[in-house]
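Spelled out from the first residue to the last, the chains are:
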Amino acid sequence: VYDTSLRDGTQGESISASCEDKLKIANRLSTFGVDYIEAGWPGSNPKDAEFFTRAQTELSPSAKSKLVAFGSTRRKAIAVEQDAQIQMLLDSHAPTCCIVAKSHLWQVTDIIRATPQENLDMIADSVAYLTSQNRRVFIDLEHFFDGYTFDEDYAMKCCQAAVDAGAKGLVLCDTNGGSMPWDVAHITSKVVQTFPQVTVGMHAHNDCGMAVANSLMAAKSGAGMIQGTINGIGERTGNADLCSIVPSLSLHVKSNLTCNPSLANITSLSRFIDETLNRSPDSAAPYVGASAFAHKGGLHVAAMERSPMSYQHVEPALVGNEKRVLVSELSGRQNILGKFRDAGL
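Scoring rules and cut-offs
- Numbers given to residues run from 1 along each chain, matching the order in which its sequence is written.
- For this predicted model, a pLDDT threshold of at least 70 governs which residues receive local features, and a threshold of 80 or more governs which side-chain atom pairs are given and counted, while totals over whole chains, interfaces and linings are taken from all residues.
- Heavy atoms throughout the structure, all of them, feed into the side-chain values; hydrogens and water do not.
- Under the scheme used here, helices are H or I runs from DSSP no shorter than 4 residues and strands are E runs no shorter than 2 residues, and both carry numbers assigned from the N terminus.
- Each radius of gyration reported is based on C-alpha atoms, and the globular scaling rule is 2.2 Å times the count of residues to the power 0.38.
- When checking whether two residues touch, look at their non-hydrogen atoms; a contact exists if any pair is within 4.5 Å.
- Only four residue types enter the tally: Lys and Arg on the positive side, Asp and Glu on the negative side, with His and both chain ends excluded.
- A single reference atom marks each charge: NZ on Lys, CZ on Arg, CG on Asp, CD on Glu.
- Angles run from 0 to 180 degrees between N-to-C directions of axes, and those axes are lines fitted to C-alpha atoms, restricted for helices to the stretch in contact.
- Working rule for angles: under 35 degrees goes down as roughly parallel, over 145 as roughly antiparallel, 65 to 115 as roughly perpendicular, anything else as oblique.
- Three classes are used, and their members are as follows: Ala, Val, Leu, Ile, Met, Phe, Trp, Tyr, Cys and Pro are nonpolar, Asp, Glu, Lys and Arg are charged, and the others, Gly among them, are polar.
- Buried residues are those whose accessible area, probed at 1.4 Å on protein chains only, stays under 20% of the maximum for their type, while exposed residues exceed 50% and partly exposed ones sit between those limits.
- Paired strands are those between which DSSP finds at least two bridges.
- Pairs of N or O atoms within 3.5 Å make up the polar contacts considered here, provided that, within protein, one atom can donate a hydrogen while the other can accept it, and that residues adjacent in sequence are counted only when both atoms are side-chain atoms.
- As used in this record, nonpolar core signifies buried Ala, Val, Leu, Ile, Met, Phe, Trp, Tyr and Cys residues forming a set joined through side-chain atoms within 4.5 Å.
- Put simply, a salt bridge is a Lys or Arg side-chain nitrogen that is within 4 Å of an Asp or Glu carboxyl oxygen.
- Two helices cross in a left-handed way if the nearer one is turned anticlockwise from the farther one by less than a right angle. They cross in a right-handed way if the turn is clockwise.
- This arc corresponds to the set of directions leading from the helix axis out to the C-beta atoms.
- Only the six-membered ring of Trp is used, alongside the rings of Phe and Tyr, when aromatic pairs are assigned; centres must lie within 6.5 Å, and planes under 30 degrees apart are stacked while those over 60 apart are edge-to-face, with the rest tilted.
- Charge over a ring is defined by NZ of Lys or CZ of Arg lying within 6 Å of the ring centre and within 35 degrees of the ring normal.

**Overview of the overall build of the protein chain**
Next, step 1: Secondary structure summary: the protein chain contains 14 helices and ten strands in total.
Next, step 2: Taking 20 Å as the expected radius of gyration for a compact globule of 345 residues, we find that the protein chain reaches 22 Å, a close match to that expectation.
Next, step 3: C-alpha atoms of the protein chain, sized along the principal axes, occupy 75 × 45 × 35 Å.
Next, step 4: The long-range fraction of contacts in the protein chain, counting pairs at least 24 apart against all pairs at least 6 apart in sequence, stands at 74%.
Next, step 5: Here the protein chain contributes 30 positively and 37 negatively charged side chains, and the mean placements of these two sets differ by 7 Å.

Here you go:
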């Protein structure tokens, strides 16, 4: 489980975190048990650079060991050793670096205006250099699913360049959020089969409302790393929501996650992040929302009096939430009688 709330999550509209907030959140994420904490891009702004400096003395040893510094491949027409943002990745002292690279041929030629070979060299040089400096390197392959559809051969060449240079993880990014689960399954399976020596990851955006589904499909197809954010915060319509992904993998897929022992704390984690970021919680959020296990219809409540699982897919306590029975004009007798019992009447 790879959390990018402190980096990609903060790109969401109206979301901002002070350096102090980011330190608090990083410690809380570490305690919950996520495996990686992508805490910022030190080469992009002073606050993120300050975070990594303060992290050396203000984070727990466990949290420091999970830190990831984000950056990009070297710029074209410059030696990797002379690229300032690459050097800032090293200066962050984070044990893991994740660098974003273009993997869509059209994005290479028309957006960054590099030749296809230049882009492959930028990937290889950046990964090899950071690896030589004793960093674990993951590569975010931007627009990967769109790029694979556009030119499969080139997208796979980008993967090969990163693997040959020493990357430990290939993160397949649905950057525009337009991929469908069946396409994610097919393409992820192909990459997993082609590069069994590295971990394949998934980074999904939610523009079609598919980020959680695509993440779960990638995991089912062999991806060993899922990137996401707490409460799905992120740019545009948000990133894949770890508060839905983690419980689904743990309780329905039976995945062996490092954070499984902390699952009962995920609702409090969700609310801590919202409070720290001064956000109003989404009451309808799966698993962690206040309404996730709220029951209103009389027919439903009557059935739940006989078996609570008649209208619940999991026991709420497993994720630190609680069942609630509501009273309204839709209520039946059991809604009212239940309230009497709760009040000791």
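**Some remarks on the packing of helix 1 (residues 19–32) against helix 12 (residues 266–276)**
Helix-helix packing: each pair is described by the crossing angle between the helix axes and the interaxial distance.
Next, step 1: Look at helix 1 against helix 12: their axes get within 11 Å of each other, and the N-to-C directions meet at 175°. When the axes of helix 1 and helix 12 are compared, the pair comes out roughly antiparallel. Only I266, S268, L269, F272, I273 and T276 of helix 12 make contact with helix 1, whose side of the interface consists of D21, K24, I25, R28, L29 and F32.
Next, step 2: For the contact of helix 1 with helix 12, a count of residues per class yields seven nonpolar, two polar and three charged.

**Considerations on the pairing of strand 3 (residues 67–72)**
Next, step 1: In terms of residue burial, strand 3 counts as a mostly covered element, since six of its six residues are buried.
Next, step 2: What you see with strand 3 is no split at all: L67, A69 and G71 on one side and V68, F70 and S72 on the other are buried throughout.
Next, step 3: Here strand 3 pairs with strand 4 (residues 96–102) via five bridges, running parallel. Bridged to V68 within strand 4 is T96.

**Some remarks on the sheet that holds strand 8 (residues 225–228)**
Next, step 1: Spatially, 1-2-3-4-5-6-7-8 is the arrangement adopted by the eight strands of the closed barrel, whose pairing is parallel.
Next, step 2: Along the sheet, helix 9 (residues 181–194) contacts strand 6 (169–174) and strand 7 (199–204); its crossing angle with strand 7, the most-contacted strand, is approximately 155°.

**Brief notes about helix 11 (residues 242–252)**
Next, step 1: By the criterion of burial, helix 11 is predominantly enclosed, with ten of the eleven residues buried.
Next, step 2: Within helix 11, burial applies to L242, C243, S244, I245, V246, P247, S248, L249, S250 and L251.
Next, step 3: Close packing links the buried residues of helix 11 with strand 1 (2–3), helix 10 (211–220), strand 8 and helix 12.
Next, step 4: Where helix 11 begins, the capping side chain belongs to D241, and its oxygen is found 2.8 Å from the backbone nitrogen of C243.

**So, the nonpolar core**
Next, step 1: One finds F51, L67, I139, F144 and L170 to be the most contacted residues of the largest nonpolar core, which totals 88 residues.
Next, step 2: Among the elements that take part in this core, helix 8 (residues 152–165) stands out by supplying nine residues, more than any other.
Next, step 3: When residues no more than four places from it in sequence are discounted, the contact partners of I139 are I99, A101, I123, V127, A162, G169, L170 and V171.
Next, step 4: Core analysis: the next-biggest nonpolar cluster, separate from the first, contains ten residues, Y2, Y36, F70 and V100 among them.

**Remarks on the pattern of salt bridges**
Pairing is possible between side chains of opposite charge, provided their charged atoms come close.
Next, step 1: By the definition in use, this model includes 13 salt bridges.
Next, step 2: A salt bridge links R7 to D8; the nearest nitrogen and oxygen atoms lie 3.5 Å apart.
Next, step 3: Assessed through its relative accessible area of 8%, R7 is described here as buried.
Next, step 4: Here D153 and K157 are joined by a salt bridge, their closest N and O atoms 3.5 Å apart.

**Brief notes about the packing of helix 6 (residues 116–132) against helix 8**
Next, step 1: Two elements in contact, helix 6 and helix 8, have axes whose closest approach is 8 Å; the angle formed by their N-to-C orientations is 25°. Classed by the angle they form, the pair helix 6 and helix 8 counts as roughly parallel. Seen from above, helix 6 lies across helix 8 with right-handed handedness. Along the contact surface, helix 6 presents P116, N119, L120, I123, A124, V127, A128 and T131, while helix 8 presents Y154, K157, C158, A161, A162 and A165.

**Focus: unusual backbone geometry**
With glycine set apart, most residues show a phi of negative sign, and most peptide bonds adopt trans.
Next, step 1: The phi dihedral of N134 is positive, around 65°, even though this residue is not glycine.
Next, step 2: Positive phi, normally seen in glycine, also occurs at R236, with a value near 55°.
Next, step 3: Residue placement: R236 occurs in the loop between strand 8 and helix 11.
Next, step 4: Taking relative accessible area as the criterion, R236 reaches 47% and is therefore assigned partly exposed.

**Side note on helix 10**
Next, step 1: Every buried residue belonging to helix 10 is among A211, N214, S215 and A218, and all of these are buried. Seen along its axis, helix 10 keeps its buried residues to an arc of 100°; they face one direction.
Next, step 2: Buried positions along helix 10 lie against strand 6, helix 9, strand 7, strand 8 and helix 11.
Next, step 3: G222 occupies a position one or two residues after helix 10 and carries a positive phi of about 115°.

**A look at the packing of aromatic side chains**
Given two aromatic rings, their pairing is described by the distance between the two centres and the angle made by the two planes.
Next, step 1: The full count for this structure, using the stated rule, is seven aromatic pairs.
Next, step 2: Residues Y2 and Y36 carry aromatic rings whose centres are separated by 5.8 Å and whose planes lie at 35° to one another, so their mutual orientation is tilted. A residue pair is termed long-range when its members are at least 10 positions apart, and Y2 in strand 1 and Y36 in strand 2 (residues 36–40) qualify at 34 residues.
Next, step 3: Exposure remark for Y2: the relative accessible area of 0% places this residue in the buried category.
Next, step 4: Arranged with centres 5.2 Å apart and planes meeting at 85°, the rings of Y36 and F138 form a pair that is edge-to-face. Highlighted residues: Y36 in strand 2 and F138 in strand 5 (residues 136–142), separated in sequence by 102 residues. For the pair formed by Y36 and F138, the shared burial category is buried.
Next, step 5: Pairwise contacts between aromatic rings join Y2, Y36 and F138 into one cluster.
Next, step 6: For R28, the ring lying beneath its charged end belongs to F272, and the centroid distance is 4.6 Å.

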